[in-house]
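Spelled out from the first residue to the last, the chains are:
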Amino acid sequence: MAWALKLPLADEVIESGLVQDFDASLSGIGQELGAGAYSMSDVLALPIFKQEESSLPPDNENKILPFQYVLCAATSPAVKLHDETLTYLNQGQSYEIRMLDNRKLGELPEINGKLVKSIFRVVFHDRRLQYTEHQQLEGWRWNRPGDRILDIDIPMSVGIIDPRANPTQLNTVEFLWDPAKRTSVFIQVHCISTEFTMRKHGGEKGVPFRVQIDTFKENENGEYTEHLHSASCQIKVFKPKGADRKQKTDREKMEKRTPHEKEKYQPSYETTILTECSPWPEITYVNNSPSPGFNSSHSSFSLGEGNGSPNHQPEPPPPVTDVSLKLNNLLPTTTPQEAQQWLHRNRFSTFTRLFTNFSGADLLKLTRDDVIQICGPADGIRLFNALKGRMVRPRLTIYVCQESLQLREQQQQQQQQQKHEDGDSNVYHAIYLEELTAVELTEKIAQLFSISPRQISQIYKQGPTGIHVLISDEMIQNFQEEACFILDTMKAETNDSYHIILK
């Protein structure tokens, strides 16, 4: 059986990684795809994902695949010869998948110089869990609000373009790439296999997952809907360092077996080559509709309402009509619909589904421990502070009182008709400073007098013997907390601005 592997000649990194154990890797593929390797039980175990019959062509063994995907993680040595390979991954760790162009000369010329789209999914291997996938993912969403099952490590990836993740699909990511250029994507799986097992006495056995990659080319309308290739591999995900311990345990068990018993098992390969499989059954839903792009942190992805279909986008919150909500105040009389609006506006869209039927009174009754248990430590503390209306304490507070009633000549007529409230020398106003700079103090004083900051030329502090000391950032940083000042104004000589003097 002839296999062709097309590599960029200048890419020594990829070439060196694939040359290692190359003969053994090809032998493993031959056992996976060879004509005599399948039995009916083997066929049922293939990643056909809710389809009763495989859609692979009958002459698949004579077909050279257009693409090849290589997961840079070692396969388990405790896998029997004719079984599918199994690879152990650590939760949250970045693993490289190399996207290789394996086309023969002249094959698929229509994608030369063009981009293709690949969609990555982490799905269940067991058919029982495949049929209840929606319920399983909804349960995981409830237990891990704000988290995703699958993410792309953007800084480490090479050659990927426009990476995206639909917030309604926690287990799916997608991106564009050029087959003619080196492409490596680093993925992170955040769920672990034991999260989907039934609770039993004496420990739990984690369920296997599958990493599936579906690749598409553009159609006449510029949409990536024409299927090119699909491949997948079986994985199990452990808590951090757990995959390394499991790999070591399997290796030690195999070393204790007799040579005759070892012949029944596959060798452990340094990398995992994904094998061809049927396309994802919901291929008709694939489209080119925009979806939220990646950010540097997976927690920035929000979970929306919906049935999990790739083209479903969460509806924007309805317009705000309640005056109290416009002020970002959550009141006991707030309805559940208004509470949803409040959550959206205060960057808690991730949890709108959890609090669908909660009114303002329901949310305000939640204790700090309740919110942390529901939303996790980080978002829980943030939501609790927002519910209680807790403000951040300013770095410095000073009190000022206006001595002169006249700041501008244009205000003389108004001041003659009505005395300004700030004219009473017994009334002090609080000024809260965060940045402790002269610019910030200028803006706060201008806001207090309802004038433009440009109308304040300089701010001085009255020093010993009545001298005027120019206010600097360093001086403000040395103000005493809750210091009191009387503000006096002096018209600047050159323009219509004023000097402010702190006495």
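Everything below is about the structure shown above.
Fair warning: this is a prediction, and the values are worked out from it, not measured in the lab.

Quick look at the overall build of the chain
Argument step 1. Each helix and strand in the chain was counted, giving 15 helices and 18 strands.
Argument step 2. When contacts within the chain are restricted to residue pairs at least 6 apart in sequence, those whose partners lie at least 24 apart make up 71%.
Argument step 3. When the accessible surface of the chain is totalled, it reaches about 26,900 Å², and 51% of it is carbon and sulfur.

A word on the sheet that holds strand 16 (residues 468-470)
Argument step 1. Spatially, six strands are ordered 14-13-17-18-15-16 in an open sheet, and the strand pairing comes out mixed. Looking at which strands have only one partner, the edges of the open sheet turn out to be strand 14 (429-433) and strand 16. Pairs of neighbouring strands in the sheet enclose a mean axial angle of 40°, with direction left out of account.
Argument step 2. Relative to strand 18 (residues 498-502), strand 15 (residues 456-462) runs parallel, the two being bridged by five bridges. Looking at strand 18, one finds that Gln458 is bridged to His499.

Observations regarding the pattern of salt bridges
Argument step 1. Taken as a whole and assessed by the stated rule, the structure comprises 16 salt bridges.
Argument step 2. The partner of Arg141 in a salt bridge is Glu138, and the shortest N-O contact between them spans 3.2 Å. Residue Arg141 and its partner Glu138 are both found in helix 5 (residues 133-143); the two are separated by three residues, about one turn of the helix.
Argument step 3. Residue classification places Glu138 among the buried positions, given a relative accessible area of 18%.

Overview of the side chain of Asp178
Argument step 1. If you trace the backbone, Asp178 turns up in the loop between strand 7 (172-177) and strand 8 (183-189).
Argument step 2. A distance of 3.0 Å separates the side chain of Asp178 from the backbone nitrogen of Ala180, its partner in a polar contact.
Argument step 3. Look past the residues within four positions of Asp178 in its chain and what remains in contact with it is Lys114, Leu115 and Thr183.

A closer look at the packing of aromatic side chains
Argument step 1. Counted by the stated rule, this structure contains nine aromatic pairs.
Argument step 2. The interplanar angle of 65° and the centroid separation of 5.5 Å between the aromatic rings of Phe67 and Trp177 together place this pair among those described as edge-to-face. On the criterion of sequence distance, the pair formed by Phe67 in strand 1 (residues 67-71) and Trp177 in strand 7 is long-range, its members being 110 residues apart. In terms of burial, Phe67 and Trp177 fall into one category: buried.
Argument step 3. Considering the side-chain rings of Phe355 and Phe358, the 5.1 Å spacing of their centres and the 80° angle between planes classify their relative orientation as edge-to-face.
Argument step 4. On the basis of relative accessible area, Phe355 is assigned to the buried category, the value being 2%.
Argument step 5. A relative accessible area of 26% places Phe358 in the partly exposed class.
Argument step 6. Counting every residue linked through ring pairs, the aromatic cluster contains Phe124, Phe196 and Phe209.

Considerations on the sheet that holds strand 1
Argument step 1. Spatially, 5-8-3-1-11 is the arrangement adopted by the five strands of the open sheet, whose pairing is antiparallel. In this open sheet, the two strands that pair with only one neighbour each are strand 5 (150-152) and strand 11 (272-273).
Argument step 2. For strand 1 and strand 11, the ladder comprises two bridges, and the chain directions are antiparallel. Among the inter-strand pairings, Val70 is bridged to a residue of strand 11, identified as Ile273.

With respect to a positive patch on the surface
Argument step 1. Residues Lys80, Lys253, Lys256, Arg257 and Lys264 make up a contiguous surface patch of positive charge.
Argument step 2. By the element assignment, Lys256 lies in the loop between helix 6 (242-255) and helix 7 (259-262).

Digging into unusual backbone geometry
Argument step 1. Located in the positive-phi region is Leu436, a residue other than glycine, with phi close to 60°.
Argument step 2. Residues other than glycine seldom take positive phi values, yet Glu482 does so here, at roughly 60°.
Argument step 3. Topologically, Glu482 is positioned in the loop between helix 15 (473-477) and strand 17 (483-491).

Here we look at the nonpolar core
Argument step 1. With 42 residues, the main nonpolar core has Leu71, Ile97, Met99, Phe120, Val185 and Phe209 as its most contacted residues.
Argument step 2. In terms of residues, this core owes the most to one element, strand 10 (residues 224-238), which gives five residues.
Argument step 3. The next biggest cluster of nonpolar side chains, apart from the first, holds 21 residues, and it includes Leu396, Val400, Ile445 and Phe485.

Digging into the packing of helix 11 (residues 368-375) against helix 12 (residues 377-387)
Argument step 1. As a packed pair, helix 11 and helix 12 sit with axes 7 Å apart at the nearest point and diverge in direction by 140°. Classified by the angle between their axes, helix 11 and helix 12 sit oblique to one another. Helix 12 is crossed by helix 11, and the crossing has right-handed handedness. The residues of helix 12 that touch helix 11, namely those facing Arg368, Val371, Ile372 and Cys375, are Pro377, Asp379, Gly380, Ile381, Leu383, Phe384 and Leu387.
Argument step 2. Each residue belonging to the contact of helix 11 with helix 12 can be placed in one class, and the counts come to eight nonpolar, one polar and two charged.

What to know about the side chain of Asp250
Argument step 1. Positionally, Asp250 belongs in helix 6.
Argument step 2. On the basis of relative accessibility, which here comes to 3%, the residue Asp250 falls in the buried class.
Argument step 3. Polar side-chain contacts of Asp250 include one of 2.6 Å to the side chain of Tyr88.
Argument step 4. Other than its neighbours up to four places away in sequence, Asp250 contacts Ser76, Pro77, Ala78 and Tyr88.

Comments concerning the environment of Val237
Argument step 1. Here Val237 shows up in strand 10.
Argument step 2. Measuring from C-alpha to C-alpha, the distance between Val237 and Gly206 comes to 8.1 Å, with 31 residues separating the pair along the chain.
Argument step 3. Those residues in contact with Val237 that lie beyond four places of it in its chain are Leu89, Asn90, Gln91, Val189, Cys191, Ile192, Ser193 and Phe209.

Some points on the environment of Lys365
Argument step 1. Mapped onto the secondary structure, Lys365 falls in the loop between helix 10 (360-364) and helix 11.
Argument step 2. Residue Lys365 is classed as exposed on the basis of its relative accessible area of 65%.
Argument step 3. Between the C-alpha atom of Lys365 and that of Leu387, which follows or precedes it by 22 residues, the distance is 9.4 Å.

Quick notes on the rules
Residues numbered from 1 in each chain as written. Predicted model: local features only at pLDDT ≥ 70, side-chain atom pairs only at ≥ 80, totals over all residues. Heavy atoms only, no water. Helix = DSSP H or I, 4+ residues; strand = E, 2+ residues; numbered from the N terminus. Contact = heavy atoms within 4.5 Å. Areas by Shrake-Rupley, 256 points an atom, 1.4 Å probe, with all protein chains shown as cover. Pairing = 2+ DSSP bridges. Axes fitted to C-alpha atoms, helices over the stretch in contact; angles between N-to-C directions. Salt bridge = Lys/Arg side-chain N within 4 Å of Asp/Glu carboxyl O. Buried < 20%, exposed > 50% of the residue type's maximum accessible area, 1.4 Å probe, protein only. Polar contact = N/O pair within 3.5 Å; in protein donor to acceptor, adjacent residues only side chain to side chain. Phe/Tyr/Trp six-rings, centres within 6.5 Å; stacked < 30°, edge-to-face > 60°. Patch = residues over 30% accessible without salt bridge, like charges linked within 9 Å, V, L, I, M, F, W, Y side chains within 5 Å. Lys, Arg positive; Asp, Glu negative; His and termini not counted. Charge placed at Lys NZ, Arg CZ, Asp CG, Glu CD. Core = buried A, V, L, I, M, F, W, Y, C linked by side-chain atoms within 4.5 Å. Parallel < 35°, antiparallel > 145°, perpendicular 65-115°, else oblique. Left-handed = near helix turned anticlockwise from the far one by under 90°. Nonpolar A, V, L, I, M, F, W, Y, C, P; charged D, E, K, R; others polar.

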